[in-house]
Amino acid sequence: MRKAKKNNIQTLSDEKRENHHYVPIFLLKNWCSGKEKKMWWYRRMPSGKVNEGRISPKSTSFEPNLNMLRKAPFSGVNDKNFAVVEGIYLKKLDTQASIIMNKMLDKGIPSLTEEERKVWLSFVILLSDRNPDTLLKAELTGNTILDEVIDDSIKRWGHEEVWRKAAELLKKSEFTYNDSRILLLDLVKDMTYAKHSDPREWQIVDLSQSPLELFSSNLPVVAGIKKRHSFKADFLGMALTPKHLWFCAPTEFAFDNELIRYLLITYYNVRLLLLRPKYVYSLNKIVDEKHIKYQKALREFLK
């Protein structure tokens, strides 16, 4: 959690704290089992040891007030709009995605309307962008770009004192912090209101007959994307449950063969670990398979 700054910025200590789940609870619930309704949870400690235990979806993959905009001088953020990102747009998107996911699992992908497909795709792609590490990276990148623009402007036109003051005002307004959150709204709007639907093949691979299971994590989407935030991805994949994999890929892909199904489980789980997640979740305790040493992979790739 970020520390409060000693200036005029209204921070977490000034607002009611609200846990913002960057991996929605409705998705993680599918990995729960037992009377306590918890899932297996893995995290790598600084010593290199991987800790494991049971945890509820409500207690993980969140950060307090992650998407609250900061009310700072010249920011344009006020009591009416500081919670708009999470309170209106992301919660609405999560609610819609939950309904769409259940519809896909119950009635199949052909039952989805074009609008529902757009909403679901927005939800999946945004799962990466609303992650705290991604947001922090966007914020730091914004600060770097701002410094470069100011330095370039001074070289071109002089008046260093004026440009430095302008930069100071922008930074005091929490421009890059707020902008990284507001960008989430723009992405939702751009993808939801796109004129053309996704041309790739969507499929849910049912692995109910397999003894293996799919994992999830705080980075639940496996993707091969040519251009960030683009519909033109080579593929997108996300486990909906430990036995159901939603896949979006070019039409030449086929998942009917049993060997392909087996390989998909292995491929997805390995790719998920290669993303170097902070947490990994599973329905059952993770053990080594015949050809895959998952315990070693957890030690190697957990962040």
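Residues numbered from 1 in each chain as written. Predicted model: local features only at pLDDT ≥ 70, side-chain atom pairs only at ≥ 80, totals over all residues. Heavy atoms only, no water.

Enquirer: Before we go on, may I ask you to explain the overall build of the protein chain in this structure?
Expert: Secondary structure summary: the protein chain contains 8 helices and 10 strands in total. When burial is assessed residue by residue, the protein chain has 47% of its 303 residues classed as buried. Counting only contacts in the protein chain whose residues sit at least 6 apart along the sequence, the fraction spanning at least 24 positions is 74%. Surface exposure of the protein chain reaches about 16,700 Å², of which carbon and sulfur atoms provide 54%. (Helix = DSSP H or I, 4+ residues; strand = E, 2+ residues; numbered from the N terminus. Buried < 20%, exposed > 50% of the residue type's maximum accessible area, 1.4 Å probe, protein only. Contact = heavy atoms within 4.5 Å. Areas by Shrake-Rupley, 256 points an atom, 1.4 Å probe, with all protein chains shown as cover.)

Enquirer: Would you explain the pattern of salt bridges in this entry?
Expert: Proximity of charged atoms lets side chains of opposite charge pair with each other. Counted by the stated rule, this structure contains 14 salt bridges. We note a salt bridge from Glu52 to Lys285, for which the minimum N-O separation is 3.1 Å. Here the residue Glu52 occupies a position in strand β3 (residues 50–55), and Lys285 occupies one in the loop between β10 (280–282) and α8 (294–301), the gap between them amounting to 233 residues. Classification of Glu52 as partly exposed rests on a relative accessible area of 36%. Through salt bridges with shared partners, a single ionic network connects Asp151, Glu160 and Arg164. (Salt bridge = Lys/Arg side-chain N within 4 Å of Asp/Glu carboxyl O.)

Enquirer: Just to check I follow, could you spell out the sheet that holds β3 for this structure?
Expert: Hydrogen bonding along the main chain pairs the strands of a sheet, whether they run parallel or antiparallel. Spatially, the 4 strands line up as an open sheet ordered β3-β2-β10-β6, and their pairing is antiparallel. Each edge of the open sheet carries a strand with a single partner, namely β3 and β6 (216–217). With 2 bridges connecting them, β6 and β10 associate as antiparallel partners. Across the sheet, residue Ser216 finds its bridge partner in β10, namely Tyr281. Strands in contact with α8 are β2 (39–44), β3 and β10; relative to β2, the strand with the most contacts, it is inclined by about 50°. (Pairing = 2+ DSSP bridges. Axes fitted to C-alpha atoms, helices over the stretch in contact; angles between N-to-C directions.)

Enquirer: How should the side chain of Ser216 be read in this particular structure?
Expert: As for its placement among the helices and strands, Ser216 is situated in strand β6. In this structure Ser216 touches Leu28, Trp31, Leu272, Tyr279, Val280 and Tyr281, once residues within four positions along its chain are discounted.

Enquirer: Hey, could you run me through unusual backbone geometry in this one?
Expert: A negative phi holds for most residues other than glycine; trans holds for most peptide bonds. One non-glycine residue with positive phi stands out, namely Ser61, at about 55°. One can find Ser61 in the loop between β3 and β4 (62–64). Ser61 sits in the buried class, given a relative accessible area of 2%. For His159, which is not a glycine, the phi torsion comes out positive at approximately 55°. In this fold, His159 is placed in the loop between α4 (132–157) and α5 (160–172).

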